[in-house]
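# A look at the structure
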Amino acid sequence: MNAAPADQIRLLDVQSLDTRLQQLAHKKSSLPEHAEIESLTKDLTQQRDLLVASTTEESDCAREQTKAEQDVDQVRQRAARDQQRLDSGAVSSPKDLENLQREIASLAKRQGDLEDVVLEVMERRESAQERVAELTERVSSIQARIDDATARRDAAFEELDGEAATVTKEREVVAGSVPADLLKLYDKLRAQQGGVGAAKLYQRRCEGCRLELNITEVNEVKAASPDTVLRCENCRRILIRTSESGL
């Protein structure tokens, strides 16, 4: 393939712009905010799971407390009725009086036991409520940090996308001045060679693979017409000759 030396030089400009686009894409994908958001999101998920568990525990305690208080109330009401019967004198049989007094005493003990249960449940519920409040605040704090990191990431995206758009337009202009067949070969090699399709020959070294040409290769380059599109024997990239090639 042949191309004017000036066209080959412009290919280096295209390569430079493509490299810049690669750098911008890499910078965009490797922003520290990505890892920060990922880590915070994992933490948020964990804290939300804990919050759900604590909220469920608090709800269970609330139902348990309501049931225990109802049990206490039922025992209290029954004891009050028995005490009223005892105080009214309606029970005259000694045996019935003894049974009634025994039941009143049993109900008093039962009421005391149930009231202890209520207190124990209330303590557990209060602890669960404190845990819910703590986790709610923690979730809110983590979410705020995620929102902040997301805002910083989006701002960086906007800046990088803006620069990439500018570079892309410049690339279109420069690439438009390169012969189609040369540009096609360059694009093919760039896809195969990790984003670098054309490299400068600098001081007898290919800037693509960083290997120095041997004497035979140097002589072949010297003998080649300026219009000849050269390829590096090592990496097969298009080799561009300049005043700095050291020939």
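This one's a predicted model, so the numbers in the text were calculated from it and none came from an experiment.

Quick notes on the rules
- Residues numbered from 1 in each chain as written.
- Predicted model: local features only at pLDDT ≥ 70, side-chain atom pairs only at ≥ 80, totals over all residues.
- Heavy atoms only, no water.
- Helix = DSSP H or I, 4+ residues; strand = E, 2+ residues; numbered from the N terminus.
- Rg over C-alpha atoms; globule rule 2.2 N^0.38 Å.
- Buried < 20%, exposed > 50% of the residue type's maximum accessible area, 1.4 Å probe, protein only.
- Contact = heavy atoms within 4.5 Å.
- Areas by Shrake-Rupley, 256 points an atom, 1.4 Å probe, with all protein chains shown as cover.
- Pairing = 2+ DSSP bridges.
- Axes fitted to C-alpha atoms, helices over the stretch in contact; angles between N-to-C directions.
- Left-handed = near helix turned anticlockwise from the far one by under 90°.
- Nonpolar A, V, L, I, M, F, W, Y, C, P; charged D, E, K, R; others polar.

### As for the overall build of the protein
Tallying secondary structure elements over the protein gives five helices and four strands in all. Along the protein, helices and strands appear, N-terminal first, in the series α-α-α-α-β-β-α-β-β. What you see for the protein is a C-alpha radius of gyration of 42 Å, clearly larger than the 18 Å of a compact globule of 247 residues, by over 25%. Taking the principal axes of the C-alpha coordinates as reference, the protein spans close to 135 × 35 × 25 Å. Counting every position in the protein, which comprises 247 residues, the buried fraction comes to 31%. Pairs at least 24 residues apart make up 76% of the contacts formed inside the protein by residues separated by at least 6 positions. Total accessible area on the protein stands at roughly 15000 Å², and carbon and sulfur atoms take up 50% of it.

### Structural notes on the environment of A151
Here A151 is to be found in helix 3 (residues 94–175). Distance from A151 to E33, taken between C-alpha atoms, is 9.4 Å for residues 118 residues apart in sequence.

### Regarding the pairing of strand 4 (residues 238–241)
With burial as the criterion, each face of strand 4 is covered, one bearing I238 and I240 and the other bearing L239 and R241. Sheet analysis places strand 1 (residues 198–202) next to strand 4, joined by four bridges and oriented parallel. Looking across to strand 4, one finds that K200 is bridged to I240. The pairing of strand 3 (residues 230–231) with strand 4 spans two bridges and is classified as antiparallel. Residue pairing in the sheet places R231 in a bridge with I238 of strand 4. Between strand 3 and strand 4, which pair antiparallel one after the other, the connecting turn spans six residues, and R236 there sits at a positive phi close to 70 degrees.

### Topic: unusual backbone geometry
Backbone geometry follows two general trends: most residues other than glycine have a negative phi, and most peptide bonds adopt the trans configuration. Within the chain, Q203 stands out as a residue other than glycine whose phi angle is a positive 50 degrees. Among the secondary structure elements, Q203 is positioned in the loop between strand 1 and strand 2 (205–206). Given a relative accessible area of 47%, Q203 falls into the partly exposed group. Backbone geometry places R236, a non-glycine residue, at a positive phi of 70 degrees. Judged by relative accessible area, R236 falls into the partly exposed class, the value being 35%.

### Thoughts on the sheet that holds strand 1
In space, the four strands of this open sheet follow the order 2-1-4-3, with mixed pairing throughout. Either end of the sheet is taken by a strand with one partner, and the two such strands are strand 2 and strand 3. Lying over the sheet, helix 1 (residues 5–29) contacts strand 1 and strand 4, oriented at roughly 115 degrees with respect to strand 4.

### Overview of the packing of helix 1 against helix 4 (residues 180–192)
Running from N to C, helix 1 and helix 4 point in directions that differ by 35 degrees, and their axes come no closer than 11 Å. Of the two elements, helix 1 crosses helix 4, and the hand of that crossing is right-handed. For the pair helix 1 and helix 4, contact is made by D7, Q8, L11, V14, Q15 and D18 and by L182, L183, Y186 and R190, respectively. Per-class residue counts for the contact of helix 1 with helix 4 are five nonpolar, two polar and three charged.

### Section: the pairing of strand 1
Examined bridge by bridge, strand 1 and strand 2 share two bridges and lie antiparallel to one another. Its bridge partner lying in strand 2, Y202 is registered against R205. Hairpin connection between strand 1 and strand 2: a loop of two residues separates the two successive antiparallel strands, and Q203 in this loop has a positive phi of roughly 50 degrees.

Everything listed here is a matter of coordinates, which is why it stays silent on function.
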